[in-house]
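Per-entry structural report
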Amino acid sequence: MEADLALAQRFATVVLNLSIAILVGASAAHIWLRRARSTWGIGLVPRLRKVMLSAVAAAAMAYVAGLWLEAASMAEVPVSEAFPAVRSVITATHYGLAWMIGAAALLVAALTLRIRNGVRPSAVAPLIRAAALGVLLYARSMVSHAGAAGDFTWAVLVDWVHLVLVSLWVGEVIVAGLVTLRSQPEWESKNRGECARFITSLSTSATVALVGIFITGVLSAWRGLGSFENVLDNPYGTSLLIKVGLVLCAAALGGLNRFVVMPKLLVQLRKPKRESGANEKFAMILQLEAIILVAVLIAAAVLSSTSPPTAS
């Protein structure tokens, strides 16, 4: 029973983190394209809104499921009998406090998708959504290993920055590979120009996020391990090595796109005659990178539920 419950908790964590990442990535793409003037960019805005709505719905279901499973685990009762424990967890535990903060933030993020100004979304909505997602991710850090010493510590701050950057990287890659760059824009100069600017912004943002992920990841790993000796021969260190290996594979694909495929694609987008090849290759690599990043989230869920050596 305990093993099944732990597996269900990890599954809910993966779904929640993936949904939040997609919401962050779609929000970033929406900000870049909300003032688009080309048919390519204008056509993507409503699609991105649908992606955000779907991500919010999935995140809400996973968030509630996570609370229910955590209550069952704390009370050591079957999931079907966890309702009384859910109320106790919300009202009497630190986990419940963090959960309520995150739930409020998720609700605000959902409501921003309904704020409109004429035919276009309100300019203030993306800012409110970004702040709400930041609060939601901070609530997640509050109940992580980093939050063991308190809610407002350097460890929690580092973990929060790491979560924000990972969500941005994973979300941008998935949304670009499956939505915005899945097909070529119509071959008009305005479409080509906006697509080129979007690709450049995507690559720059992902590169900055990856540098930040590396720095915060090293700090978080050192906090959890305590010494190099703890990298091996324990479940936490093994999970960490698997996660790092997957991140390096995803980063290698991202580097291939940025330094090999993207320059050719940008040249192609500036040519007056249509050519094929670079755009499809760029999107295909993004899709492969997205698959690996989903595996990264799975490894992260296992890592977050495994006690670090420093905990003992």
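Residues numbered from 1 in each chain as written. Predicted model: local features only at pLDDT ≥ 70, side-chain atom pairs only at ≥ 80, totals over all residues. Heavy atoms only, no water.

1. Considering the overall build of the chain
Formally: Only DSSP runs of H or I with at least four residues qualify as helices, and only runs of E with at least two residues qualify as strands; both kinds are numbered from the N terminus onward. This radius of gyration counts C-alpha atoms alone. The globule rule is 2.2 Å times how many residues there are, raised to the power 0.38. Only four residue types enter the charge count, namely Lys and Arg as positive and Asp and Glu as negative; His and the chain termini do not. Here the site of a charge means atom NZ of a Lys, CZ of an Arg, CG of an Asp or CD of a Glu.
A count of helices and strands for the chain gives 9 helices and 2 strands. Starting at the N terminus and ending at the C terminus, the chain contains elements arranged as α-α-α-α-β-β-α-α-α-α-α. Taken over the C-alpha trace, the chain has a radius of gyration of 21 Å; the compact-globule value for 312 residues is 20 Å, and the two agree within 12%. Overall size of the chain, expressed as C-alpha extent along the three principal axes, is 65 × 50 × 35 Å. The averaged location of the 16 negative side-chain charges in the chain is 18 Å from the averaged location of its 26 positive side-chain charges.

2. So, the side chain of Arg192
This is how the line gets drawn: Side-chain atoms alone can form a polar contact between residues adjacent in sequence; in general such a contact is a pair of N or O atoms within 3.5 Å, and within protein one must be able to donate a hydrogen while the other accepts it.
Here Arg192 is to be found in helix 7 (residues 189-225). Within the local environment of Arg192, its side chain forms a polar contact with the backbone oxygen of Leu269, the two atoms lying 2.6 Å apart.

3. Details of the layout of surface pockets
Quick reminder of the rule: With a 1 Å grid laid over protein atoms only, a set of points is called a cavity when a 1.4 Å probe fits there but cannot get out and a pocket when it is open yet has protein on both sides within 12 Å along at least five of seven lines; lining residues have an atom within 4 Å of a point. Grid points are joined across faces, edges and corners, and a volume is the space filled by probe spheres set on the points. Each residue gets one label: Ala, Val, Leu, Ile, Met, Phe, Trp, Tyr, Cys and Pro are nonpolar, Asp, Glu, Lys and Arg are charged, and the others, such as Gly, are polar.
Each pocket or cavity is described by its volume, and for the second largest pocket that value is around 250 Å³. Together, 17 residues line the second largest pocket, and Ser203, Ala206, Thr207, Gly254 and Arg258 are the ones closest to its centre. Counted by class, the lining of the second largest pocket contains 10 nonpolar, 5 polar and 2 charged residues.

4. Things to note about the environment of Ile22
The criterion, for reference: Here, residues are in contact when the closest pair of their heavy atoms is within 4.5 Å.
Inspection of the secondary structure puts Ile22 in helix 1 (residues 2-33). Separated by 153 residues in the primary sequence, Ile22 and Val175 have C-alpha atoms spaced 6.7 Å apart. Discounting chain neighbours no more than four positions away, the residues touching Ile22 are Val51, Ala55, Gly171, Ile174 and Val175.

5. So, unusual backbone geometry
For clarity, the cut-off: The rule is simple: take the accessible area with a 1.4 Å probe, protein chains only, and divide by the maximum for that residue type; under 20% is buried, over 50% is exposed, in between is partly exposed.
Of note, Glu76 is a non-glycine position whose phi angle comes to about 55°, a positive value. Examined against the element boundaries, Glu76 turns out to sit in the loop between helix 2 (39-75) and helix 3 (83-92). In this structure Glu76 comes out as exposed when scored by relative accessible area, which is 70%. Positive phi values are uncommon outside glycine, yet Asp233 reaches one of about 65°. Structurally, the position occupied by Asp233 is in the loop between helix 7 and helix 8 (235-269). For Asp233, a relative accessible area of 81% translates into the label exposed.

6. Some words on the environment of Gly226
Tracing the backbone shows Gly226 in the loop between helix 7 and helix 8. Gly226 gets classed as partly exposed once you look at its relative accessible area, which sits at 36%. The sequence separation of Gly226 and Pro309 amounts to 83 residues, and the corresponding C-alpha distance is 7.3 Å.

7. Section: the packing of aromatic side chains
To keep it simple, the criterion reads: Pairs were defined over the aromatic rings of Phe, Tyr and Trp, the Trp ring being its six-membered one, requiring ring centres within 6.5 Å. Orientation was assigned from the angle between planes: stacked under 30 degrees, edge-to-face over 60, tilted for the rest.
A complete count under the given rule lists 6 aromatic pairs for this structure. For the pair Trp32 and Phe198, a centre-to-centre distance of 5.7 Å together with 80° between the ring planes defines the contact as edge-to-face. Here Phe198 lies in helix 7 and Trp32 lies in helix 1, a separation of 166 residues in the sequence. The exposure class of Trp32 is partly exposed, given its relative accessible area of 33%. Note on Phe198: relative accessible area 4%, which makes it buried.

8. What to know about the nonpolar core
As a rule of thumb, nonpolar side chains are buried together in soluble globular proteins. To keep it simple, the criterion reads: Here, nonpolar core means buried Ala, Val, Leu, Ile, Met, Phe, Trp, Tyr and Cys residues that are tied together by side-chain atoms lying within 4.5 Å of each other.
Of all hydrophobic cores here, the largest spans 71 residues; its most connected members are Trp169, Leu181, Ile199 and Phe282. Among the elements that take part in this core, helix 2 stands out by supplying 13 residues, more than any other. In contact with Leu181, other than residues within four places in its own chain, are Trp40, Ala176, Cys195, Phe198, Ile199, Leu202, Asn279, Phe282, Ala283 and Leu286. With 6 residues, the next largest nonpolar core counts Leu5, Ala12, Leu69 and Ala72 among its residues.

9. Points about the packing of helix 8 against helix 9 (residues 278-304)
Test applied: Between N-to-C directions, angles span 0 to 180 degrees; the directions come from axes that are lines fitted to C-alpha atoms, helices contributing only their stretch in contact. Should an angle lie under 35 degrees it is considered roughly parallel, over 145 roughly antiparallel, and from 65 to 115 roughly perpendicular; all remaining angles are considered oblique. In a left-handed crossing the near helix is turned counterclockwise from the far helix by less than a right angle, and in a right-handed crossing that turn is clockwise.
Between helix 8 and helix 9, the least distance of the axes is 9 Å, while the angle of their chain directions is 165°. Classified by the angle between their axes, helix 8 and helix 9 sit roughly antiparallel to one another. In this structure, the crossing between helix 8 and helix 9 has a hand that is left-handed. Residues that form the contact of helix 8 with helix 9 fall into these classes: 25 nonpolar, 5 polar and 4 charged.

10. A look at the side chain of Asn257
Relative to the elements of secondary structure, Asn257 occurs in helix 8. If sequence neighbours within four positions are ignored, Asn257 has contacts with Met262, Pro263, Lys281, Phe282, Ile285 and Leu286.

11. Some points on helix 3
Each α-helix turn comprises 3.6 residues. Residues three or four places apart therefore point the same way. The condition is simple: This arc is built from the directions going out from the helix axis to the C-beta atoms.
Residues of helix 3 that are buried: Ala85, Val86 and Val89. Looking straight down helix 3, one finds its buried side chains confined to an arc of 110°; they lie on one side. Facing away from the buried side of helix 3 by over 90 degrees, the exposed positions are Thr91 and Ala92. Turning to helix 3, the residues buried within the fold contact helix 2 and helix 4 (94-112).

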